[in-house]
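Below are the chains, spelled out letter by letter.
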Amino acid sequence: MTKKNSNPDDKHDILVQAAAARCNELRALLARIPQAAQQAGDPKYTPKYTPKNNPKGSPKATPKIDPKVNQKLRISMNHGRPQYYIMSDDPKASRSGKPVNGKYVPKAEIQKARAIAQRDYNSAAAATLKKAIGAIERFLAAFHPGALDKAFTGLHPGRRSLVTPLREPDADYIASWQHLPYTSKPFEINAPEYITSKGERVRSKSEVIIADALSRAGIPYRYEYPTSVKGWGTLYPDFTCLDTRTREEIIWEHFGLMHDREYAEQTVQKIARYAASGYTLGKNFIATFEANTSPLSIKQVQGYINTLFKSRGK
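Residues numbered from 1 in each chain as written. Predicted model: local features only at pLDDT ≥ 70, side-chain atom pairs only at ≥ 80, totals over all residues. Heavy atoms only, no water.

Q: Quick question: what am I supposed to make of the overall build of the protein chain here?
A: Assigned secondary structure in the protein chain consists of 9 helices and 11 strands. Here the protein chain displays about 19900 Å² of accessible surface, and carbon together with sulfur accounts for 55% of that area. (Helix = DSSP H or I, 4+ residues; strand = E, 2+ residues; numbered from the N terminus. Areas by Shrake-Rupley, 256 points an atom, 1.4 Å probe, with all protein chains shown as cover.)

Q: In this structure, what is going on with the sheet that holds strand β1 (residues 71-78)? I would like to understand it.
A: The strands making up a sheet associate through hydrogen bonds between their backbones, and the pairing can be parallel or antiparallel. Overall, antiparallel pairing links the 3 strands, which are arranged β1-β2-β3 in an open sheet. The open sheet has two free edges, formed respectively by β1 and β3 (103-104), since each of these has just one partner strand. Contacting β1 and β2 (81-88), helix α3 (residues 110-142) runs over the sheet at an angle of about 115 degrees to β1. (Pairing = 2+ DSSP bridges. Contact = heavy atoms within 4.5 Å. Axes fitted to C-alpha atoms, helices over the stretch in contact; angles between N-to-C directions.)

Q: I would appreciate a short explanation of helix α9 (residues 298-308) in the present structure.
A: Since one α-helical turn is 3.6 residues long, residues separated by three or four positions face the same way. Buried within α9 are the following residues: Val301, Ile305 and Leu308. Seen along its axis, α9 keeps its buried residues to an arc of 85 degrees; they face one direction. In α9, the exposed positions angled more than 90 degrees off the buried face are occupied by Lys299 and Thr307. Here the buried face of α9 lies against α7 (205-216), β9 (239-243), β10 (248-255) and β11 (285-289). (Buried < 20%, exposed > 50% of the residue type's maximum accessible area, 1.4 Å probe, protein only. Arc of directions from axis to C-beta.)

Q: Explanation requested: the pattern of salt bridges in the structure shown.
A: A side chain with one charge may pair with a side chain of the opposite charge, provided their charged atoms come close. Tallied over the full model, the rule gives 12 salt bridges. Here Lys112 and Glu109 are joined by a salt bridge, their closest N and O atoms 3.4 Å apart. By relative accessible area, Glu109 is classed as partly exposed at 31%. A salt bridge links Asp120 to Arg119, with the nearest nitrogen and oxygen atoms 2.7 Å apart. Look at Asp120 and you get partly exposed, because its relative accessible area is 36%. With a relative accessible area of 2%, Arg119 lands in the buried category. A network of salt bridges, in which partner residues are shared, links Asp149, Arg167, Asp170 and Arg247. (Salt bridge = Lys/Arg side-chain N within 4 Å of Asp/Glu carboxyl O.)

Q: What am I meant to see in the packing of aromatic side chains here?
A: The relative placement of two aromatic rings is captured by the distance of their centres and the angle of their planes. Going through the model one piece at a time under the given rule, you end up with 9 aromatic pairs. Each ring, one from Tyr182 and one from Tyr225, has its centre 5.0 Å from the other, and the planes form 75 degrees; the classification is edge-to-face. Taken as a pair, Tyr182 in the loop between α6 (170-178) and β4 (194-195) and Tyr225 in the loop between β6 (221-223) and β7 (227-229) lie far apart in primary sequence, 43 residues in all. What makes Tyr225 buried here is its relative accessible area of 19%. Each residue in the set Tyr221, Tyr223 and Phe239 is aromatic and connected to the rest through ring pairs, giving one cluster. Positioned over the ring face of Phe187 is Arg201, at 4.2 Å from the centre of the ring. Here the guanidinium or amino end of Arg222 rests over the ring plane of Trp177, the centre of that ring lying 4.0 Å away. (Phe/Tyr/Trp six-rings, centres within 6.5 Å; stacked < 30°, edge-to-face > 60°. Lys NZ or Arg CZ within 6 Å of the ring centre and 35° of its normal.)

Q: Got a minute to help me understand the nonpolar core in this structure?
A: Among soluble globular proteins, nonpolar side chains are generally buried collectively. Leu214, Phe239, Trp252, Ile305 and Phe309 are the most contacted members of the largest nonpolar core, which has 20 residues in total. Mapped onto this core, the elements with two or more residues apiece are α7, β6, β9, β10 and α9. When residues in this core are grouped by element, the largest group, 5 residues, is from α7. Look past the residues within four positions of Leu214 in its chain and what remains in contact with it is Ile219, Tyr221, Phe239, Cys241, Trp252 and Ile305. (Core = buried A, V, L, I, M, F, W, Y, C linked by side-chain atoms within 4.5 Å.)

Q: It is not clear to me how the sheet that holds β11 should be interpreted in this structure. Could you clarify?
A: Read across the sheet, 4 strands follow the order β6-β9-β10-β11 without closing on themselves; strand pairing throughout is mixed. The sheet is open, and its two borders are formed by β6 and β11, each paired with just one other strand. On average, each strand axis in the sheet is inclined to that of its neighbour by 20 degrees, with strand direction left out of account. In this structure, β9 lies alongside β10, joined through 5 bridges in antiparallel fashion. Across the sheet, the residue bridging to Asp243 is Glu248, located in β10. Of the strands in this sheet, β6, β9 and β10 are in contact with α6, which crosses β9 at around 175 degrees.

Printed below as a string of structure tokens:
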């Protein structure tokens, strides 16, 4: 089990999330190894084969290997082909006059060699996985991404006023980002009014859906914040969102008239211009579309939020 981080906010850190996800992947791989083989370095474990998992499906090919004896596999090449020999540390074997280099495994008994090879691989794989899982768990237990912020916010207010932090605490950074003054596009006279749950005016019902979904997810955004785009000058993306885990900005454009051919062509050009300015779809650029017969899907909006701002929490 991964040791829980003492600060619940740490689990929203992107590095902590990646490490925890990787640890779970490694545990899943470890779970696929038979429990007995997970005793890394135990040479006495040998997996059992039955007619069900035997390629030939024949009970006669099932290996008969004494699990109490340390058996090793020796491989020798003969005319480019491997030949297998089973070597034993059993004292009885040496007294019985069996070959020192091991007993040759004929093709009909290849499952015996396969059983020992699989045992050795399972043992090595289990040791490697356990070592990696342990390293990640120790990292997760020791790493606290919010510690630097606390070194500043934990100061006495009088002392804090005298200090310039190396990194602005998340709460202060987000507040400054959200309240940055800017001038957006003006609304046309007599244009329909669409109001979000925050009381903010937008230009369409679909933008209300997106804005409210962002608000519910706790994602800070600016509506129609001016952005410089190569070849087009200043554009006003519908939403400029802040990924609070990385402090990176992600723009979100909704293209709502895709049934109009001219509008669709302009949309393609606009997306290309965004790409030339460093905004890549699926990375720091979200685009949603709709037409007369294909309205915006709330499920689609939520899917984008879950993908690009996943596991954010509150």
